[in-house]
Amino acid sequence: MTGTEMAFDRTTLWLVIVGLAVGSYALRFAFIGLVGNRAMPAWLMRHLRYTAVAIIPALVAPLVVWPAPTDGAPSLIHFAAAALTFAVAVFSKNVLLAMVTGACSLWTLMYLFG
């Protein structure tokens, strides 16, 4: 790698870091700085309640559909653990129990069949 390529990589890296920092600050400022002292409309508050519920599935779904241990190939073990986790969550209505069940079932299935 030459000096010019190294400088380009560092410049790109810092541009990305600064860009993400500015974007993150702008998003937070939009809620805290611009509307922090005003009451939010009821329709917005109703929709914001579902944000936390959407985050965990959005993080987990790619790991189930395209698991890294199989180089992105679908895995029956991952689907089975996700199905068991979903069933425990639906029937128990307990998030922590569902997460622990999912982790234990995945580890168990990986140990037995992986």
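Before going into details, it helps to say that this report is about the structure given with it. Sequence positions are assigned chain by chain, starting from 1 and proceeding in written order. At least 70 in pLDDT is required for a residue's local features to be given in this predicted model, at least 80 for side-chain atom pairs to be given and counted, and no such filter applies to totals for whole chains, interfaces and linings, which use all residues. For side-chain calculations, the full set of non-hydrogen atoms in the structure is used, while hydrogens and water are omitted.

## Things to note about the overall build of the protein chain
Looking only at helices and strands, one finds 5 helices and 0 strands in the protein chain. In the protein chain, the order of α-helices and β-strands from amino to carboxyl end is α-α-α-α-α. Radius of gyration here is computed from C-alpha atoms only, and the compact-globule reference equals 2.2 Å multiplied by the residue count raised to the power 0.38. Taken over C-alpha atoms, the radius of gyration comes to 21 Å for the protein chain, far larger than the 13 Å a tight globule of 114 residues would show. With the C-alpha coordinates of the protein chain rotated into their principal frame, the extents come out at 55 × 50 × 20 Å. Each helix corresponds to a stretch of at least 4 residues labelled H or I by DSSP, and each strand to a stretch of at least 2 residues labelled E; elements are numbered beginning at the N terminus.

## Examining the side chain of Ser-75
Mapped onto the elements of the fold, Ser-75 is located in the loop between α3 (51-65) and α4 (76-92). Of note is the side chain of Ser-75, whose polar atom sits 2.9 Å from the side chain of His-78. Excluding residues within four positions of it along the chain, Ser-75 makes contact with Pro-67 and Thr-70. For this analysis, a polar contact is any N or O atom pair within 3.5 Å, provided that within protein one partner can donate a hydrogen and the other can accept it, and provided that sequence-adjacent residues contribute only side-chain to side-chain pairs. Here, two residues are considered to be in contact whenever any of their heavy atoms come within 4.5 Å of each other.

## Concerning the packing of α3 against α4
Under this scheme, a helix contributes an axis fitted over its contacting stretch, all axes are lines through C-alpha atoms, and angles between N-to-C directions fall in the 0 to 180 degree range. For the pair α3 and α4, the least separation of the axes is 8 Å and the interaxial angle reads 145°. Residues Leu-63, Val-64 and Val-65 of α3 touch α4, and the partners they reach there are His-78, Phe-79 and Ala-82. For this classification, Asp, Glu, Lys and Arg are treated as charged, while Ala, Val, Leu, Ile, Met, Phe, Trp, Tyr, Cys and Pro are nonpolar and the rest, including Gly, are polar. Its residues placed into classes, the contact of α3 with α4 shows 5 nonpolar, 1 polar and no charged.

## Quick look at the layout of surface pockets
Whether a set of points on the 1 Å grid over the protein atoms alone is a cavity depends on a 1.4 Å probe fitting there but being unable to get out, while an open set qualifies as a pocket with protein on both sides within 12 Å along at least five of seven lines; lining residues are those with an atom within 4 Å of a point. Grid points are joined across faces, edges and corners, and a volume is the space filled by probe spheres set on the points. Estimates place the volume of the largest pocket at around 840 Å³. In this structure, the largest pocket is lined by 23 residues; those nearest its centre are Ile-56, Val-60, Thr-85, Ala-98 and Met-99. Top element by residues in the lining of the largest pocket is α3. It accounts for 8 residues. In the lining of the largest pocket, the residues fall into 18 nonpolar, 4 polar and 1 charged.

## Quick word on a nonpolar patch on the surface
The residues that make up patches have over 30% relative accessible area and no salt bridge, and they are joined within 9 Å when like-charged or within 5 Å when they are Val, Leu, Ile, Met, Phe, Trp or Tyr. Each accessible area is a Shrake-Rupley result for a 1.4 Å probe, and residues are judged covered by the shown protein chains and nothing else. Take a side-chain nitrogen of Lys or Arg and a carboxyl oxygen of Asp or Glu: if they are within 4 Å of each other, that pair is a salt bridge. Judged by side-chain polarity, Ile-55, Ile-56, Leu-59, Val-60, Val-95, Leu-96 and Met-99 come together as a nonpolar surface patch covering roughly 680 Å² of accessible area. Sorting the residues of the nonpolar patch by element identifies α3 and α5 (95-113) as the ones contributing at least two each. Per element, the largest residue contribution to the nonpolar patch is 4 residues, and it comes from α3.

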